Structure formats: structure tokens, C-alpha cells
Amino acid sequence: MRRKDREIREFEEIIKVMERCEICRLAFHDGEYPYIVPLNFGMRTENGKITLYFHSAPEGKKYGLIAANSKVCFEMDCSARLALLLEEGNCTMEYESVIGQGVVSLLPESEKEEALNLLMSHYRGTDFPYNKAVIPRTAVFKLTVESCTGKRRTVKSGRKSDKSGLRLVRPSMDYGEAIMAYRQEFLDNGPEENMGGTGSLRDCVSAEEWIKDVDAMRNRATCPASLVDSDIYLAVREADNKIVGVIELRHHINHPVLSLWGGQIGYCVRPSERRKGYAKEMLRQALFLCKAYGQDRVLITCDESNFASERTILSGGGVYQQSVWSEELQANMKRFWITL
């Protein structure tokens, strides 16, 4: 490994990374080019040896490749987060990954159920009563790992992504409990509490449900037809890894509401963390992202009575254009343009 400073040397740490991964990619020999397949997996460690288990339909290209050459490579990764190094005018990705190689073999009928149970256990579905009648119609194979290496990239301590110690990260189940605690604080603060920029969070009953919605919003093909595709980020305080805010960057405002009074960026700061300058820093980082994505200006709006939000927008370079009436909010909304 070229970057020895990023190598995960302890076997137990490599196992922990693999336990956090959701997908394993297998690369098979296929003549001139490799053939790669992403798969769900289960795993077992015993006496320092790792075995991965996969399931599939009983027919397909990979079985011919296995018969010809059972040696494969694999890769899995997790914890991917964009770290903005604003003081350096740079950014990097944090991640954890494992790469290895081994030998694949099909399991006999007598070993299938145990392997499928390990697969279900990996996704925390141990107690799910799946229909055992599918087992004879399911192919199950294992990868006996012969060697593997782990790698981790994190922003080094002392190399802050911004002056206030905030970073914008994509929502993931690493923050599952914290996301729901963030939501609950708004609900406890009152039914009228603004949760702008959080998408469907107010109505979601679990972090998994919200993250699924957030992921769908990122692409036009999966975004609901009535909405605009967008990216939602958690604003996380580096000192204690606490979510202090959420911000949404809409890919465009070609929408009757957004183009009039909704705007391109929505955000909120949790009630207990307000008046600390977090909203200004969230907006500063968001504008950096907008510029990186090729946008040259953005529209941001606020209720004319929300002086704190207006100050935040002005701090980001907002230039007041006009006020418009929002029938839905029953309020006058101020429109500001920020040139990037």
C-alpha cells in the first residue's frame, strides 16, 4: 500500500469496517477485462480467517467464470463523507475500505441455510422469519479470504474543515440516533417550529426512512415529480460530533414555489444551538459547494419578520431584490440573490 499512514493494520479493526459495509464487489476473471458484481453479503471470522457468503439466482454469467477460475478479488467501503477544507480552498473524501482476494466455491444444499442466516444477521435481520422454501431455488456461495488490507481516510485532528469546527456530511445511519434526536428537539419546541431544509424529516418515523427519502431526492430520476432534486447535508460539530443543523441545496429553482418564494437553499439550526453563528457558517460552506457544482448565483429567501435569517443571508453576500406574498405561508417573503 502506497499510503501507509492510511493503512488499517489491526485485524479486529478491519473486521469492524467490514461489518459497517453494506455491499461487497467481486471481480472475476473474464478474459481481457474483469467482470465485477456488487452483492449483499454475510461474514464469519474464525481463528483469524474470514469467510464471506453471498446469494444469487442459480443461473448467470458468474457461475461460468467461477468454473473457469475460482480466484477473485473483492472490495467494500463505507463511511464516505465529503470534508470541506475551506481555509485551503480544497476538499477531500473521508472513507473506510477493505480490498482482498480469495477463492470462491458454491455451497452444498446442507450448508445454505446457515450461510443465509449469516447474511441476514449482517443486515440485522436475524429474527426475520424468511420463507425457507426459497432455499432450494437460491444459489449460495462463499469466498474464503486469503488476504486483505484495510484503509481509512479521515481529516486529521487540528486540520479543521472550517474556523468554527463545523463540517457538512451526507446523512447516514452512522448518525441514525442523532438524526431522530435532532427531529425530536424541534417537535418538543412546538408545532410551529421551522424545519426548513430537512425535507421529509418531520413526517418520518425512523432515520432509515428519512435517509431513503434524502437519497431519492439526489437524482432527478428518483425525486418525486412534484419536487426538485437536491442534496441535503447534516451540519456536524467536530468537537462532539453533534448535529447542530441541516441544510438543503436544490439543484435548480425551475419550480413555481421555489422560483417565487422558496429559493434554492433551505436550512435550520436546532433550537438549543441557535445564536452561535452556525447558520452563517452552514451557509458559507453551502455556497462553496454551489460554486463547486458550477452555479453562478443562488436565490435565498426568508420571512420578512425573521431578522436572524436575514442577517445570515446578508452575511453570505445576499442582495435584496424584492418582497413577495406567500399564500401558503401567509407571509411576505424577502428575496435575496447571492452571486458566487
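Keep in mind that what you see is a predicted model, and the values were worked out from it rather than measured.

(A) Molecular detail of the pairing of strand β10 (residues 230–237). Along β10, eight of the eight residues are buried, which leaves the element largely enclosed by surrounding structure. Side chains Ser230, Ile232, Leu234 and Val236 of β10 all project onto a buried face; the interleaved residues Asp231, Tyr233, Ala235 and Arg237 project onto the opposite face, where all are buried too. Pairing of strand β9 (residues 166–169) with β10, which is carried by four bridges, proceeds in the antiparallel orientation. Residue pairing across strands places Val169 opposite Leu234, the latter belonging to β10. Note that β10 and strand β11 (residues 242–250) share eight bridges and pair antiparallel. Considered in β11, the bridge of Ile232 is made with Glu248.

(B) Quick look at the packing of helix α4 (residues 176–189) against helix α5 (residues 207–217). Contact geometry for α4 and α5: axes closest at 9 Å, N-to-C directions at 95 degrees. Between α4 and α5, the interaxial angle falls into the category roughly perpendicular. Residues Gly176, Ile179 and Met180 of α4 touch α5, and the partners they reach there are Ala207, Trp210 and Ile211. Among the residues forming the contact of α4 with α5, the class breakdown is five nonpolar, one polar and no charged.

(C) Just the packing of aromatic side chains, in detail. Considering all chains together, one arrives at four aromatic pairs under this definition. Relative to Phe141, the ring of Tyr63 has its centre 6.2 Å away and its plane inclined at 85 degrees; by these criteria the two rings are edge-to-face. Placement of the pair is Tyr63 in helix α2 (residues 61–68) and Phe141 in strand β8 (residues 139–153), with a sequence separation of 78 residues. This pair shows no difference in class: Tyr63 is buried, exactly as Phe141 is. With a centroid separation of 5.0 Å and an interplanar angle of 55 degrees, the aromatic rings of Tyr182 and Phe186 are classed as tilted. Residue Tyr182 and its partner Phe186 are both found in helix α4; the two are separated by four residues, about one turn of the helix. Each member of the pair, Tyr182 as well as Phe186, carries the same accessibility label: buried. Here a set of aromatic residues connected by ring pairs shows up, and it is made of Phe54, Tyr63 and Phe141. Lying across the ring of Tyr130, Lys132 places its NZ or CZ 4.4 Å from the centre.

Definitions and limits used
- Residues numbered from 1 in each chain as written.
- Predicted model: local features only at pLDDT ≥ 70, side-chain atom pairs only at ≥ 80, totals over all residues.
- Heavy atoms only, no water.
- Buried < 20%, exposed > 50% of the residue type's maximum accessible area, 1.4 Å probe, protein only.
- Helix = DSSP H or I, 4+ residues; strand = E, 2+ residues; numbered from the N terminus.
- Pairing = 2+ DSSP bridges.
- Axes fitted to C-alpha atoms, helices over the stretch in contact; angles between N-to-C directions.
- Parallel < 35°, antiparallel > 145°, perpendicular 65-115°, else oblique.
- Contact = heavy atoms within 4.5 Å.
- Nonpolar A, V, L, I, M, F, W, Y, C, P; charged D, E, K, R; others polar.
- Phe/Tyr/Trp six-rings, centres within 6.5 Å; stacked < 30°, edge-to-face > 60°.
- Lys NZ or Arg CZ within 6 Å of the ring centre and 35° of its normal.

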